[in-house]
Amino acid sequence: MTANCKSCGVCVHSCAFLQQEGAPLTIAQRGTTASNLLAAYRCSLCGLCDGTCPCGLTPSSMFLSMRRVATERAVVDLKTYASWLNYERLGGSVLFRRYLIPEGSTCVFFPGCALPGARPDAVISMFRKLRQVEPFIGLVLDCCGRISHDLGLSVRHETIFAGLSKRLRDKGISRVLTSCPGCSKVLRKYGKDFEITSIYEVLSSSAPLPVCHPKASVVVHDPCPARSDNLQQRAVRQLVQSCGYQVEEMPQNGRTTRCCGQGGMVAASAPGVTNQASRVIAAEAAGKPIITSCASCCETLSNVTHVAHVVDLLTGTEFENRPLSSASRWFNRLKLRLSRIS
C-alpha cells in the first residue's frame, strides 16, 4: 500500500486524524515505534481514506495492522478499553446469548448488540416481518467480536468468531440476515461459510412497498461500515421513501460518508472526537432530520440533532430516539433474551 501512495492529500483533506498525523505514507515511514503504533488508536478505522483515495488504496487496513502489532508487542494499555471489552464479553455470554431456531431452518436474523440494547421491541417487530418472507427463519442473539477485531486483538477475535461460526454451523445455518452494518462487514469478511444479507435488502425487495402520504424531507446517513455496501444503501433509501419521506443526500454519502465518531473505540485515545464528528454530520444535514441504519450512529447523533433508525420508521416510532443509560441497554437486551416471541 505505502509504495503506491502518492501523498496527494485527498484523504487528508476530509480526515481530522490524518490532518494531525500526516498522509498514510508519512505515517508508514515512521515505522513501528511504540508512539507511531499507538497513533493508530486515534484513527476510527472508518475507511473514509479508502473511500476517497484516487489510487484505490486502503490505508485503513494499515492502521488496523498497526493496532495488531501494538497488541502483540503489548505497547497499548488495554485497561483503557476495559469497558468496551467487558461489553463484548458479557454480551456474548450465555446470559445474553439466544438461539431461537425452528427445526430445519437454514436462515437466521442476527441483530447484533446495539439494536437489541436500544430497540428490543423493534427487533421483535423486524423478526416478525422477516418471517412473512422467510417462514422458518430463526433469531440469534450473539456477538461477532468486532470490538476485539478493531482493537487489534486478533487471537481474541478469532476465538469469539470461531465460537459463533460453530454454533451457527451446528444448527445448520447457511444464511444470516443482519441489521447492524458493523456485523455485516465482519461476517462477510470472516464468515465464508455463510451468505450474509442485510434485512433492509430483504424487506425492500420482498414485496411492493406501500407508500405513505408525503412527509418532510430527510437525509440518509450511511454508516461507515456500509460505505461500500451499495445494495444496503439503496435498500435503506427505498424503505425510507416507502414511509413517505423524500430522501435528500448528505454532501458526503456512500463511499465518502463520515464516521459518527464511535468507530474503532477512538474516543478512548482522542477525547472529544465523538462530539466533534457528530456535529460535523449534523451541520452537513443542514437542519433536516437524519435517518440511518446504525444504532450506534443513532445514539451519537441524537445528542446533536433529530435522528431515527430506519426500523423506527418501519415500526411507526419516528424520531422518538433518545440516549439511554448503560443499565437500560443491558435491561433491554436481557428483556429480549427472555421474551416469548410468537
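Above this text sits the structure in question.
Below: a short report on this structure. (Residues numbered from 1 in each chain as written. Predicted model: local features only at pLDDT ≥ 70, side-chain atom pairs only at ≥ 80, totals over all residues. Heavy atoms only, no water.)

## Structural notes on helix α6 (residues 59–72)
Across its 14 residues, α6 extends 20 Å between first and last C-alpha, which sits within 8% of the 20 Å expected from 1.5 Å per residue. One or two residues past the end of α6 sits alanine 74, with phi positive at roughly 60°. (Helix = DSSP H or I, 4+ residues; strand = E, 2+ residues; numbered from the N terminus. Expected span 1.5 Å × (residues − 1).)

## A word on the environment of valine 12
In this structure, valine 12 sits in helix α1 (residues 10–14). The class for valine 12 is buried, based on a relative accessible area of 19%. When the C-alpha positions of valine 12 and phenylalanine 110 are compared, they lie 35 Å apart, and in sequence the two are 98 residues distant. Apart from the residues within four sequence positions on either side, valine 12 is in contact with Leu18, Gln19, Gly22 and Ala23. (Buried < 20%, exposed > 50% of the residue type's maximum accessible area, 1.4 Å probe, protein only. Contact = heavy atoms within 4.5 Å.)

## Some thoughts on the nonpolar core
Within the largest apolar cluster, 34 residues are counted, with the highest numbers of intra-cluster contacts made by Phe109, Leu130, Tyr200, Val240 and Val310. Breaking this core down by element, the ones donating at least two residues are β2 (107–110), α9 (120–133), β3 (138–141), α13 (199–205), β6 (217–221), α14 (230–242) and α17 (310–314). Ignoring anything within four residues of it in the chain, the contact list for phenylalanine 109 reads Val123, Met126, Phe127, Leu130, Ile137, Gly138, Leu139, Val140, Leu177, Ser179 and Ile199. Membership of the second largest hydrophobic core comes to 25 residues, among which are Phe17, Met62, Ala70 and Val76. (Core = buried A, V, L, I, M, F, W, Y, C linked by side-chain atoms within 4.5 Å.)

## Side note on the state of the cysteines
The tally for this structure, following the rule as stated, stands at 0 disulfides. Cysteine 43 takes part in no disulfide bond, and the closest cysteine sulfur to it belongs to cysteine 49, at a distance of 6.1 Å. The class for cysteine 43 is buried, based on a relative accessible area of 7%. As a non-bridged cysteine, cysteine 144 has cysteine 183 as the owner of its nearest cysteine sulfur, 3.9 Å distant. (Disulfide = S-S within 2.5 Å.)

## Observations concerning the sheet that holds strand β5 (residues 195–198)
Read across the sheet, 5 strands follow the order β1-β3-β2-β4-β5 without closing on themselves; strand pairing throughout is mixed. For this open sheet the edge positions go to β1 (98–100) and β5, each flanked by a neighbour on one side alone. On average, each strand axis in the sheet is tilted by 25° relative to the strand beside it, whichever way the strands run. Bridging between β2 and strand β4 (residues 175–178) involves 4 bridges; their strand directions are parallel. Note on β4: the bridge partner recorded for valine 108 is valine 176. Across the sheet, helix α12 (residues 181–190) is in contact with β2, β4 and β5; its angle to β5 comes to roughly 165°. (Pairing = 2+ DSSP bridges. Axes fitted to C-alpha atoms, helices over the stretch in contact; angles between N-to-C directions.)

## Digging into the packing of aromatic side chains
In total, this model carries 6 aromatic pairs according to the counting rule given. Between the aromatic rings of tyrosine 87 and tryptophan 330, the centroid separation amounts to 5.3 Å while the plane-to-plane angle is 55°, which identifies the pairing as tilted. Pair noted here: tyrosine 87 is in helix α7 (residues 82–91) and tryptophan 330 is in helix α18 (residues 326–338), with a separation of 243 residues, a long-range link. Taking the relative accessible area as the measure of exposure, tyrosine 87 reaches 29% and is therefore partly exposed. Seen from their ring centres, phenylalanine 96 and tryptophan 330 are 4.9 Å apart, and the 50° between their planes marks the pair as tilted. Placement of phenylalanine 96 in the loop between α7 and β1 and of tryptophan 330 in helix α18 is noted, with a sequence separation of 234 residues between them. Neither phenylalanine 96 nor tryptophan 330 differs from the other in exposure class; each is buried. Through a chain of ring-to-ring contacts, the aromatic side chains of Tyr41, Tyr81 and Trp84 assemble into a single cluster. In this structure, arginine 333 is placed above the aromatic ring of tyrosine 87, and the distance from its NZ or CZ to the ring centre is 5.3 Å. (Phe/Tyr/Trp six-rings, centres within 6.5 Å; stacked < 30°, edge-to-face > 60°. Lys NZ or Arg CZ within 6 Å of the ring centre and 35° of its normal.)

## Description of the pairing of β3
Side-chain alternation along β3 places Gly138 and Val140 on one buried face and Leu139 and Leu141 on a second face that is also buried. Both β1 and β3 contribute to a ladder of 3 bridges, which runs antiparallel. Pairing of leucine 100 across the sheet is with leucine 139, part of β3. The sheet contact formed by β2 and β3 spans 2 bridges and is parallel. Within β3, the residue paired with valine 108 across the bridge is glycine 138.

## Details of the sheet that holds strand β8 (residues 290–292)
Judged by pairing direction, the sheet is parallel, and its 4 strands sit side by side in the order β7-β6-β8-β9 without closing on themselves. With one partner strand each, in any of the chains shown, β7 (246–249) and β9 (307–309) form the two edges of the open sheet. Pairwise comparison of adjacent strand axes, ignoring direction, gives a mean angle of 40° for this sheet. Of the pairings in the sheet, the one linking β8 to β9 comprises 3 bridges and is parallel in character. Pairing of isoleucine 291 across the sheet is with alanine 308, part of β9.

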